[in-house]
Amino acid sequence: MASRGEDFLQRRRRWSVAATIRNFVGGRYAEDTAAGFDKVSPVDGTVTARVQEAGQSLVDRAVSAARKALHGPWGDTSVQERARLLRRIADRIDERADELLAAEVSDTGKPVSLAKELDIARAAGNFRAFADVVAATGLDSYLTEFPGGRALNYAVRKPLGVVAVIVPWNLPLLLLTWKVAPALASGNTVVVKPSELTPAGATLLAEILTEAGVPDGVYNVVHGFGPGSAGEALTSHPGVDGITFTGESSTGSAIMRAAAPRVRPVSFELGGKNAALVFADADLGKTVDGLARSVFTNTGQVCLCTERVYVQREVFDEVASGLAERAAALRPGRPEDPATTTGPLISLEHREKVLSYLKLAEQDGAKVVAGGGIPAMGPELDGGAWIEPTLWTGLDHSSRVVREEVFGPVAALIPFDTEEEAVTLANDTDYGLAAAVWTTNLERGHRVAQRMNVGMAWVNTWFLRDLRSPFGGVGLSGIGREGGTHSLDFYTEPTNVCVQL
Ligand SMILES: NC(=O)C1=CN([C@@H]2O[C@H](COP(=O)(O)OP(=O)(O)OC[C@H]3O[C@@H](n4cnc5c(N)ncnc54)[C@H](O)[C@@H]3O)[C@@H](O)[C@H]2O)C=CC1
Ligand SMILES: O=C(O)/C=C/C=C(\O)C(=O)O
């Protein structure tokens, strides 16, 4: 085992990320592993770190450490103690926000301004929100009357146990803490497998949790890939009691198969092909602002991003040209440059996927009204995964571009005539994560939002979050809900006690 002190010192260098990113097991960095892989910057294609890949034996050790911690003093902590601990973690995140920011930016290449406002703020916010939720939430109790007697029924929550947390690369710290905070609030221990593309933040969080007083073995990190690597070893591990996952729908299916033999609970937040519905009565200025945010935020790499924009015919041209202007105004560049308003895609491999849809759109007869290719970034940045924000009109609803999740800064704009037609088009998808309705007619806003076959529908806004609300999707977009007490429902098992009086 490497000493904890050495690593802390190494990692305290502001704005730089340690050259070696290691696994964290039982409260310590694990010894060097035989296998490893490079972390490549999406900004310029340079190698920024070497990541130690966990094999089966290290995953075994991580799960054992988590099990041992569950049966140690952590298992006896009260809800109030855990709520206090979560608040200390949030405070420590604030104190080390610059280092987390450096890790997030190095992981993803996203603009510093975005990472600061969205990801780092939410990391602390997630711990505070679940401290509040767990402290305030009780369970049902009933006085049960029956002929000749009465009984008291009440339920107590117990932690699920050892939870595997598998997260993707698009909002790595936000999504990790969104799962780790309620898992710890509920008294579980976790083994985290961050995306192989974004390993730094989860590792730094291990130090922060340890400093805040999280006992050894409660939070473990194993690095690696999915199939044949740490991801598969973890999700198929018999010592894991539940799996929470965010990522692609097909990965969700693979994880479900891994969970099936022992019938373990899963919570899945998967992909989306989210629609925006713009009615002619919408405030078009605000709508185009909102649409631009919903299509282009994080270079379109948020599961909630809009990729289908249905616009009532009489305002179609105005909305299309307004949104195209917004696309053209986005400034790609280095994350730390204050003028930068958009980052690269996560990797050259992901850019290949997005480019394949750009090509397909043209083959399917799309008119490209913005972007459509790779921007010239200059010799320093041309090795990065840059892509132009892209908008299409003229695509048929049957095109794969309109039906499949692209996960980039792209959208197809499609006209409609009636509310009924808009609702039918928006719901004509295998996914069902999010939708946004843009109208000044609030009656219509409520009506249409409620008819959306999704987990989350916004009216005149997008990605406005209350962390107590249910978050998740239907169809290919997921199983279950997280957020507020919905998270506690996943991360705990209630035991009902019935006492005859
Ligand atoms: N929230 C969303 O909707 C997201 C969607 N995507 C989409 O998924 C595509 C692929 O991106 P990936 O990063 O490869 O997403 P992914 O779903 O394959 O990976 C997400 C996480 O799951 C792990 N994983 C993959 N296969 C696994 C397996 N069989 N068992 C256990 N863990 C496994 C990965 O290592 C990573 O930590 C992207 O091009 C994008 O379109 C990616 C990230 C998030
Ligand atoms: O919890 C949130 O506010 C955001 C979640 C976003 C995703 O799940 C995603 O992009 O995968």
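- In the nomenclature of an unreviewed UniProt entry, the chain is known as 2-hydroxymuconic semialdehyde dehydrogenase of Amycolatopsis acidicola.

**Side note on the sheet that holds strand β21 (residues 492-500)**
Here's step 1: Pairing in this open sheet of three strands is antiparallel, and the strands run β6-β7-β21 from one edge to the other. Strands at the two margins of the open sheet, each flanked by one partner only, are β6 (141-146) and β21. Going across the sheet, the axis of each strand differs from the next one's by a mean of 25°, ignoring polarity.
Here's step 2: Here strand β7 (residues 149-159) runs beside β21; their pairing, made up of nine bridges, is antiparallel. Looking at the pairing, L152 lines up with V499 of β21.

**Concerning the UniProt feature "domain: Aldehyde dehydrogenase" (unreviewed entry) in the chain**
Here's step 1: Within this numbering scheme, the UniProt entry marks residues 35-496 as carrying the feature "domain: Aldehyde dehydrogenase" (unreviewed entry).
Here's step 2: Here residues 35-496 runs as 40% helix and 20% strand, with 47 Å between its end C-alpha atoms.

**Quick word on the sheet that holds strand β1 (residues 20-21)**
Here's step 1: Taken in spatial order, the three strands line up as β1-β5-β4 in an open sheet, and their pairing is mixed. At either end of the open sheet lies a strand with only one pairing partner, and these are β1 and β4 (36-40).

**Points about the site of ligand 1**
Here's step 1: Around ligand 1, a shell composed of 29 residues is seen, among which W169, K193, E196, E248 and K353 lie nearest.
Here's step 2: Take E196: an N or O atom from its side chain is 2.7 Å from an oxygen atom of ligand 1.
Here's step 3: Relative to its unbound accessible area of 800 Å², ligand 1 is 89% covered by the protein chains.
Here's step 4: Mapped by element, the contributors of at least two residues to the shell around ligand 1 are α8 (230-235), β11 (242-246), α9 (249-259) and α12 (348-363).
Here's step 5: Here the residues of the shell around ligand 1 sort into 13 nonpolar, ten polar and six charged.
Here's step 6: Split by domain, the shell around ligand 1 shows at least three residues from each of two domains, domain 1 (15-270 + 476-498) and domain 2 (274-466).

**So, the packing of aromatic side chains**
Here's step 1: Inspection of the entire model under this criterion finds nine aromatic pairs.
Here's step 2: Between the aromatic rings of W178 and F471, the centroid separation amounts to 6.0 Å while the plane-to-plane angle is 75°, which identifies the pairing as edge-to-face. Of this pair, W178 sits in helix α6 (residues 172-185) while F471 sits in the loop between β19 (456-459) and β20 (478-479), and the two are 293 residues apart along the sequence.
Here's step 3: Residue W178 is classed as buried on the basis of its relative accessible area, which comes to 3%.
Here's step 4: Taking 5.2 Å as the distance between ring centres and 70° as the angle between the ring planes, the aromatic pair formed by W462 and F463 counts as edge-to-face.
Here's step 5: Of the residues examined, W462 reaches a relative accessible area of 1% and is grouped as buried.
Here's step 6: Through a chain of ring-to-ring contacts, three or more aromatic side chains come together here, namely F130, W178 and F471.
Here's step 7: Residue placement shows R465 over the ring face of W178; its charged tip is 4.9 Å from the ring centre.

**Re the pattern of salt bridges**
Here's step 1: Applying the stated rule across the entire model yields 31 salt bridges.
Here's step 2: The partner of R92 in a salt bridge is E95, with the nearest N and O atoms 2.3 Å apart. Of this pair, R92 and E95 are both found in helix α3 (residues 79-95), three residues apart, which corresponds to roughly one turn of the helix.
Here's step 3: Look at E95 and you get exposed, because its relative accessible area is 54%.
Here's step 4: In this structure, the salt-bridge partner of E99 is R96, at a minimum N-O distance of 2.8 Å.

**Brief notes about the environment of D283**
Here's step 1: Inspection of the secondary structure puts D283 in the loop between β13 (274-278) and α10 (284-296).
Here's step 2: Overall, the relative accessible area of 36% leaves D283 in the partly exposed class.
Here's step 3: The spacing of D283 and E352 is 69 residues in sequence and 37 Å in space, taken between C-alpha atoms.

**Some thoughts on the confidence of the model for the chain**
Here's step 1: Looking at the chain, pLDDT values average 95 and 96% of them are 70 or higher.
Here's step 2: Every residue in residues 1-16 scores below 50 in pLDDT, and together they form 40 contacts with partners more than four places removed in sequence or on other chains.
Here's step 3: The ipTM for the predicted assembly is 0.95, set against a pTM of 0.95.

**Points about the pairing of strand β17 (residues 410-416)**
Moving residue by residue along a regular strand, the side chains alternate between the two faces of the sheet.
Here's step 1: Of all the seven residues making up β17, six are buried; the element is thus mostly covered by neighbouring parts of the structure.
Here's step 2: The pairing of strand β16 (residues 390-393) with β17 spans four bridges and is parallel. Residue pairing across strands places L391 opposite A411, the latter belonging to β17.

**With respect to the nonpolar core**
Here's step 1: Among the nonpolar cores identified, the biggest contains 99 residues, and Y219 and L304 are the most heavily contacted of them.
Here's step 2: Here this core takes 13 residues from helix α5 (residues 112-136), the largest share from any one element.
Here's step 3: There are two domains that each give this core at least three residues, and those are domain 1 (15-270 + 476-498) and domain 2 (274-466).
Here's step 4: With residues up to four places along the chain from it excluded, the contact list for L304 reads N274, L433, A434, M456, W458, W462, F463 and F471.
Here's step 5: Within the second largest apolar cluster, 32 residues are counted, among which are L395, A422, A426 and A435.

**Focus on the domain arrangement of the chain**
Here's step 1: By the assigned domains, the chain splits into domain 1 (15-270 + 476-498) and domain 2 (274-466).
Here's step 2: Taking the mean C-alpha position of each, domain 1 and domain 2 sit 30 Å from one another.
Here's step 3: At the interface, 28 residues of domain 1 touch 32 residues of domain 2.
Here's step 4: Our count for the domain 1 to domain 2 interface comes out at eight residue pairs in polar contact (both at pLDDT 80 or more).
Here's step 5: Broken down by secondary-structure element, the contributors of at least two residues to the side of domain 1 that touches domain 2 are α4 (97-108) and α5.
Here's step 6: It is α5 that provides the largest number of residues to the side of domain 1 that touches domain 2, a total of five residues.
Here's step 7: Tallied by class, the residues present in the side of domain 1 that touches domain 2 amount to 13 nonpolar, eight polar and seven charged.

Calculation notes
Residues numbered from 1 in each chain as written. Chains lettered and ligands numbered in written order. Predicted model: local features only at pLDDT ≥ 70, side-chain atom pairs only at ≥ 80, totals over all residues. Heavy atoms only, no water. Pairing = 2+ DSSP bridges. Helix = DSSP H or I, 4+ residues; strand = E, 2+ residues; numbered from the N terminus. Axes fitted to C-alpha atoms, helices over the stretch in contact; angles between N-to-C directions. UniProt positions renumbered as here; feature names shortened; annotations may be inferred. Near = heavy atom within 4 Å. Polar contact = N/O pair within 3.5 Å; in protein donor to acceptor, adjacent residues only side chain to side chain. Areas by Shrake-Rupley, 256 points an atom, 1.4 Å probe, with all protein chains shown as cover. Nonpolar A, V, L, I, M, F, W, Y, C, P; charged D, E, K, R; others polar. Domains from an automatic or database assignment. Phe/Tyr/Trp six-rings, centres within 6.5 Å; stacked < 30°, edge-to-face > 60°. Buried < 20%, exposed > 50% of the residue type's maximum accessible area, 1.4 Å probe, protein only. Lys NZ or Arg CZ within 6 Å of the ring centre and 35° of its normal. Salt bridge = Lys/Arg side-chain N within 4 Å of Asp/Glu carboxyl O. pLDDT = per-residue confidence, 0-100. Contact = heavy atoms within 4.5 Å. Core = buried A, V, L, I, M, F, W, Y, C linked by side-chain atoms within 4.5 Å.

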